[in-house]
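Residues per chain, in single letters:
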Amino acid sequence: MKNFLFIICAVGALLTGCGENSQATSVEIKEEKILNTIKISVGDKNFSARLEENPSARAFSEMLPLEIEMNELNGNEKYFYLDKDLPSNSERVEKIHAGDLMLFGSNCVVIFYKDFSTSYSYTRLGRLENSSGLEKILGAGNISVKFEE
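Numbering of residues starts from 1 in each chain and follows the order in which that chain's sequence is written. With the structure being a predicted model, the display of local features is reserved for residues of pLDDT at least 70 and the display and counting of side-chain atom pairs for 80 or more, all residues being used for whole-chain, interface and lining totals. Heavy atoms from the whole structure form the basis of all side-chain values; hydrogens and water molecules are not counted.

S.K.: Quick one: what's the story with the overall build of the protein, residue by residue and with numbers?
M.R.: Helices and strands together make up the secondary structure of the protein, namely three helices and 11 strands. Reading the helices (α) and strands (β) of the protein from amino to carboxyl end gives α-β-β-α-β-β-β-β-β-β-β-β-α-β. Put simply, the protein has 149 residues, and 33% of those count as buried. Contact definition: two residues touch when any of their heavy atoms are within 4.5 Å. In the protein, the proportion of contacts linking residues at least 24 apart, taken out of those at least 6 apart, comes to 62%. All accessible areas in this document rest on Shrake-Rupley with a 1.4 Å probe, and a residue is counted as covered only by the protein chains that are shown. By element, 52% of the accessible surface of the protein is carried by carbon and sulfur atoms, the whole surface being about 9200 Å². The helix count covers DSSP runs of H or I at least four residues long, the strand count covers runs of E at least two residues long, and both are numbered beginning at the N terminus. Think of it in three bands: with a 1.4 Å probe and only protein chains considered, a residue is buried below 20% of the maximum accessible area for its type, exposed above 50%, and partly exposed in between.

This is the structure in structure tokens:
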């Protein structure tokens, strides 16, 4: 009888312990999702961007906050050359979408504001969660952009 009670108590303790671990895992997942989101500001307009889970995006997020003057290129993107190289793993993406946040080479951050096909290679940093009106907001010419956690 004592052995039976001991087994019941041991099983109960194990089940309770598993429940606590599940809660901890759930909290860790929520924290990681929050950490993978950054804020991008252009003037008084704010965007959320979901970062990729890769070494390039992590290295970029470690540089934040960052306020930069991004240059216009080709009527579809803004770019800025960072002072330091980031890890890169470029791939031929073939299709660019408005809101894509990419790394060209190892130190050029690019925000695209139009969809188009490309033969260039990029490392994905992230994607703006709501890119509606992005072309109008980024507009022609150079702009000041702030990246924050």
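S.K.: Which residues make up the layout of surface pockets, and what values go with them?
M.R.: Take a probe with the size of a water molecule and roll it over the atoms, and the empty space left behind shows itself. Here a cavity means grid points, on a 1 Å grid over the protein atoms only, where a 1.4 Å probe fits yet cannot get out; a pocket means an open set of points with protein on both sides within 12 Å along at least five of seven lines; lining residues are those with an atom within 4 Å of a point. Grid points are joined across faces, edges and corners, and a volume is the space filled by probe spheres set on the points. The volume enclosed by the largest pocket comes to roughly 210 Å³. Ranked by the residues each element gives to the lining of the largest pocket, the list is headed by strand 4 (residues 77-81), at three residues. When residue character is reported, Ala, Val, Leu, Ile, Met, Phe, Trp, Tyr, Cys and Pro are called nonpolar, Asp, Glu, Lys and Arg charged, and the others, Gly included, polar. Within the lining of the largest pocket, the residues separate by chemical class into nine nonpolar, three polar and one charged.

S.K.: I'd like a rundown of the pairing of strand 11 (residues 143-148), residues and numbers included.
M.R.: Side chains of strand 11 alternate between two faces, with Ile143, Val145 and Phe147 buried and Ser144, Lys146 and Glu148 left unburied. The pairing of strand 1 (residues 37-42) with strand 11 spans three bridges and is antiparallel. Paired with Ser41 across the bridge in strand 11 is Lys146. Relative to strand 11, strand 3 (residues 66-73) runs antiparallel, the two sharing five bridges. Within strand 11, the residue paired with Met70 across the bridge is Ile143. By the convention used here, strands pair only if DSSP detects at least 2 bridges between them.

S.K.: Kindly report on a nonpolar patch on the surface, identifying the contributing residues and their values.
M.R.: To count toward a patch, a residue needs a relative accessible area over 30% and no salt bridge; like charges are then connected within 9 Å, while nonpolar side chains (Val, Leu, Ile, Met, Phe, Trp, Tyr) are connected within 5 Å. We define a salt bridge as a side-chain nitrogen of Lys or Arg found within 4 Å of a carboxyl oxygen belonging to Asp or Glu. Among the surface-exposed residues, Tyr81, Phe104 and Tyr120 lie close enough to one another that they form a single nonpolar patch of about 330 Å² accessible area. Relative to the assigned elements, Phe104 resides in strand 7 (residues 100-104).

S.K.: Could you give me a rundown of unusual backbone geometry, with the residues and numbers involved?
M.R.: With an omega of 5 degrees, the peptide bond between Leu64 and Pro65 qualifies as cis. On the secondary structure map, Pro65 appears in the loop between helix 2 (55-62) and strand 3. If you check the backbone angles, Asn74 has positive phi at about 65 degrees while not being a glycine. Structurally, the position occupied by Asn74 is in the loop between strand 3 and strand 4. Residue Glu94 is not a glycine yet carries a positive backbone phi of 65 degrees.

S.K.: So what about the environment of Ser88? Which residues, and what values?
M.R.: Along the chain, Ser88 turns up in the loop between strand 4 and strand 5 (91-92). Classification of Ser88 by relative accessible area gives partly exposed; the value is 42%. Leave out the neighbours within four places in its chain, and Ser88 touches Ser56, Leu103, Gly105, Ser106 and Thr123.

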